[in-house]
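An overview of the molecular structure
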Amino acid sequence: MTLDIMMPFYGRVDHFQAAVRSVLAQVDPDWRLVVIDDHDPDETAGRWLRGLADPRIIYRRNPINLGINANFQASIDLAENEWLTIFGCDDVMLPDYVGRITQLIQEHPTVAFIHPGTRVIDEHGQVSTPLIDRVKSLYRPRFHGSLELAGEPLAVSITRGNWMNFPAIAWNRSAVTAVGFRPDFSIVQDLGLALDLAVRGGSLLLDDQVVFEYRRHASSVSSWRAADGSRFAEEQGFFRGLAVEFNGHGWLRAARAARLHLSSRVNALTRIPDAVRARRSDGIRILLRHALGLTVAATPRD
């Protein structure tokens, strides 16, 4: 089984090269890497990638910058094999990632998506446990080996606290093609996709074998959008809409989790020092209002 590894790219070349090298180092060589360059002004990454001359690697460069959501959707649209992962251009696959995903697919052929074991690394590639990931671990299900979640229990789990590391997830192409990413989001689109699959009856398989390193650093999109508060304006609107959707589906526990969106509000509270250091008065206002459960609206970013 060939795994499609779809990689939207915009950002640091050194992190990108580390990500690509981790794919090349896979023990199981049955993969196809598709890099979607979102018109990064520095063309070094593309030149380096083409120089590898590996027939399993495909490079596409957008004629203009399309943004993260459009490139996530393109990752689904351009996939050809039955399973794909939307790999972060700054993350790292450990050598057994492809092999473990393939094994899990064979053992659980009916699941819609698979979340393998992950660990967090910092900007320099060192294993790290920042506050946000310590908080996420409180919401992550406790299990040994593998665990399958579906229906409202899945929706409650990831709505109460989104503990998933999206770039590590392998997706069944048929399942995600039928859903696609919600077009109006640039931060919570991964959670939206997972929840849309859950509502359609798709199940998530969790595995505890660590085969992926998720890089968390201050220059990521989610980090800088957290400091200016715009992330939480998006999250608030998303969760309030979810509560209505879950109520209509009869998922009352999930609707309550969406209305509270407690972990999102706690996360906003922890981001206030970053906004203070950045002297973002608009961000401080948004973060405080969101943490208190008050209505917020994003202000234009600098």
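Attention here is on the structure that accompanies the text. What you see is a predicted model, and the numbers here were worked out from it, not measured in a lab.

Secondary structure summary: the chain contains 13 helices and nine strands in total. Relative to the 2.2 N^0.38 estimate, which gives 19 Å for 302 residues, the radius of gyration of the chain is 19 Å and therefore close to what a compact globule would have. Evaluated residue by residue, the chain yields a buried proportion of 55% over its 302 residues. Restricting to contacts in the chain with at least 6 residues of sequence separation, those with at least 24 account for 79%. Carbon together with sulfur atoms contributes 55% to the accessible area of the chain, which is approximately 13300 Å² in total. One way to put it: in the chain the 34 positive side-chain charges average out to a point 7 Å from where the 35 negative ones average out.

On to the nonpolar core. Within the largest apolar cluster, 44 residues are counted, with the highest numbers of intra-cluster contacts made by Phe 113, Ile 158, Met 164, Trp 171, Leu 195, Phe 238 and Phe 246. At the level of elements, β2 (31–37), α3 (68–78), β4 (83–86), α6 (151–160), α8 (189–199), β9 (203–215), α10 (230–249) and α11 (252–260) are the ones that each hand at least two residues to this core. With six residues, the top contributor of residues to this core is α8. Sequence-distant contacts of Phe 238, that is, excluding residues within four places in its chain, are made with Arg 182, Phe 185, Val 188, Leu 191, Gly 192 and Leu 195. One finds Leu 3, Trp 31, Leu 49 and Cys 89 within the second-largest nonpolar core, a separate group that totals 33 residues.

Analysis parameters
- Residues numbered from 1 in each chain as written.
- Predicted model: local features only at pLDDT ≥ 70, side-chain atom pairs only at ≥ 80, totals over all residues.
- Heavy atoms only, no water.
- Helix = DSSP H or I, 4+ residues; strand = E, 2+ residues; numbered from the N terminus.
- Rg over C-alpha atoms; globule rule 2.2 N^0.38 Å.
- Buried < 20%, exposed > 50% of the residue type's maximum accessible area, 1.4 Å probe, protein only.
- Contact = heavy atoms within 4.5 Å.
- Areas by Shrake-Rupley, 256 points an atom, 1.4 Å probe, with all protein chains shown as cover.
- Lys, Arg positive; Asp, Glu negative; His and termini not counted.
- Charge placed at Lys NZ, Arg CZ, Asp CG, Glu CD.
- Core = buried A, V, L, I, M, F, W, Y, C linked by side-chain atoms within 4.5 Å.

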